[in-house]
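Fold and geometry: a report
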Amino acid sequence: MTQPYLIALDLDGTLLNDEKKIPRKTKELLFQLIDHGHHVCISTGRPFRSSNMYYEELELNTPIVNFNGAFVHHPHDAGFGIHHSPLELDVAKRIISACETFKVKNIMVEVLDDVYLKKPDEVIVNTFIMNENPLQIGDLHKTLQDDPTAILVHPEDHHIPELRAMLQKEHAEVVDQRVWAAPWNIIEVIRSGISKATGLKKIAEYYNVPQDRIVAFGDEDNDFEMIEYAGHGVAMGNAIDELKARANYVTLTNEEEGIAHYLKNILKLV
């Protein structure tokens, strides 16, 4: 058989269609690849709590990359280790103070699956916390006691460029930032030097898979490093132009099951 490949799947806009579901043909193909000995993993900006349902749906038994590489673990094998790369608490609080000067709509801080909100926000709770109650709501300078995995900032739309420029100018050495696509326009802040690529590299080393047998799929700017790292960096047809320019190949859209289309060709499946 073909030597095993490592196949890394972003979720939103990539594996998932616009209804946030895994399309049938793609799921069937992934099951077939797993049966043939290939390694399929999820690599997402989501926390584990909001990606675990897809992990279970695909019946995976591989490590998973969450928080864009800030948390990597194997749900079924403690031997893989738990790789958590949080922000330092004092750095996080400086970032929070800086964002507060812009009178942002809200700030959410995550310490793995514990959630802290600056103020009540039904939309954030229902959308990002999977309808669970946040651990604490209130002054983040008082409630936050541990190094956070990620900070999500919801600014006024007209403040986004200025806020991002400030973070880049004053904090670039210690943090990286991404902007989530519309309609949210949320700025995500994580520890500098962490990306989906750093997480995927840990998984590749775990399975001893070389870069030329790594296939990664993505659609947004948080996929840049992963797409460049993989021997087969594949941008979805609905991906942003900057990612398409970095990719080795552009497949069909997430609505057209672009993952299945590419994998059938590269792995010669019928």
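Structure first, text after, so check above.
Before going into details, it helps to say that this report is about the structure given with it. Source: prediction; values computed, not measured.

**Concerning the packing of aromatic side chains**
As enumerated under the stated definition, the model contains four aromatic pairs in all. Taking 4.8 Å as the distance between ring centres and 75° as the angle between the ring planes, the aromatic pair formed by Y206 and Y207 counts as edge-to-face. Pairing Y249 with Y262 gives two aromatic rings, centres 5.0 Å apart and planes at 50°, and the pair type is tilted. Pair noted here: Y249 is in strand β14 (residues 249-250) and Y262 is in helix α11 (residues 258-266), with a separation of 13 residues, a long-range link.

**Some thoughts on the environment of E162**
Tracing the sequence through the fold places E162 in helix α7 (residues 160-171). A sequence separation of 60 residues divides E162 from F102, and the C-alpha atoms of the two residues are 9.2 Å apart.

**What to know about the environment of K119**
By secondary structure assignment, the location of K119 is in the loop between β7 (114-117) and α5 (122-128). Setting aside anything within four residues of it in sequence, one finds K119 in contact with V104, K105, N106 and I137. A distance of 2.9 Å separates a polar atom in the side chain of K119 from the backbone oxygen of K105.

**Quick word on unusual backbone geometry**
Its identity as a non-glycine residue notwithstanding, K20 has a phi of 65°, on the positive side. You can see K20 is positioned in the loop between α1 (11-15) and α2 (24-35). In this model, N68 sits at a positive phi of 55°, which is unusual for a non-glycine residue. Tracing the sequence through the fold places N68 in the loop between β3 (64-66) and β4 (71-73).

**Side note on the sheet that holds strand β13 (residues 232-235)**
Reading across the sheet, the five strands line up as β2-β1-β12-β13-β14 and stay open at both edges, with parallel pairing between neighbours. Lying at the two open borders of the sheet, with one neighbouring strand each, are β2 (39-42) and β14. Bridge count for β13 against β14 is two bridges, and the pairing is parallel. Bridge assignment links A235 to a residue of β14, and that residue is V250.

**Quick look at the nonpolar core**
Core analysis: the biggest nonpolar cluster contains 27 residues, and I7, L9, L15, L30, V215, F217 and L263 have the highest contact counts within it. When residues of this core are traced back to their parent elements, those giving at least two are β1 (6-9), α1, α2, β2, α3 (52-57), β12 (214-218) and α11. Core analysis: the next-biggest nonpolar cluster, separate from the first, contains 26 residues, L87, V111, Y116 and L167 among them.

**Some details on the pairing of strand β9 (residues 150-154)**
Among the five residues that make up β9, five are buried, leaving the element largely enclosed by the rest of the structure. In β9, alternate side chains face the same way, and those of A150, L152 and H154 on one face and I151 and V153 on the other are all buried. The pairing of strand β6 (residues 106-111) with β9 spans five bridges and is classified as antiparallel. Of the residues in β9, the one forming a bridge with M108 is L152. The pairing of β9 with strand β11 (residues 187-191) spans three bridges and is antiparallel. Within β11, the position partnered with I151 by the bridge is V189.

**Some points on the pattern of salt bridges**
The full count for this structure, using the stated rule, is eleven salt bridges. Salt-bridge contacts for E28 lead to R24; the nearest nitrogen and oxygen are separated by 3.2 Å. Within this pair, E28 and its partner R24 are both found in helix α2, separated by four residues, close to a single helical turn. A relative accessible area of 45% means that E28 is categorised as partly exposed. With a shortest N-O distance of 3.3 Å, R49 and D113 are connected by a salt bridge. Note that R49 is positioned in the loop between β2 and α3 and D113 in the loop between β6 and β7, a separation of 64 residues in sequence. Each of D10, K196 and D223 takes part in a single network of salt bridges with overlapping partners.

Rules of the game
- Residues numbered from 1 in each chain as written.
- Predicted model: local features only at pLDDT ≥ 70, side-chain atom pairs only at ≥ 80, totals over all residues.
- Heavy atoms only, no water.
- Phe/Tyr/Trp six-rings, centres within 6.5 Å; stacked < 30°, edge-to-face > 60°.
- Helix = DSSP H or I, 4+ residues; strand = E, 2+ residues; numbered from the N terminus.
- Contact = heavy atoms within 4.5 Å.
- Polar contact = N/O pair within 3.5 Å; in protein donor to acceptor, adjacent residues only side chain to side chain.
- Pairing = 2+ DSSP bridges.
- Core = buried A, V, L, I, M, F, W, Y, C linked by side-chain atoms within 4.5 Å.
- Buried < 20%, exposed > 50% of the residue type's maximum accessible area, 1.4 Å probe, protein only.
- Salt bridge = Lys/Arg side-chain N within 4 Å of Asp/Glu carboxyl O.

Structural measurements only, silent on function.
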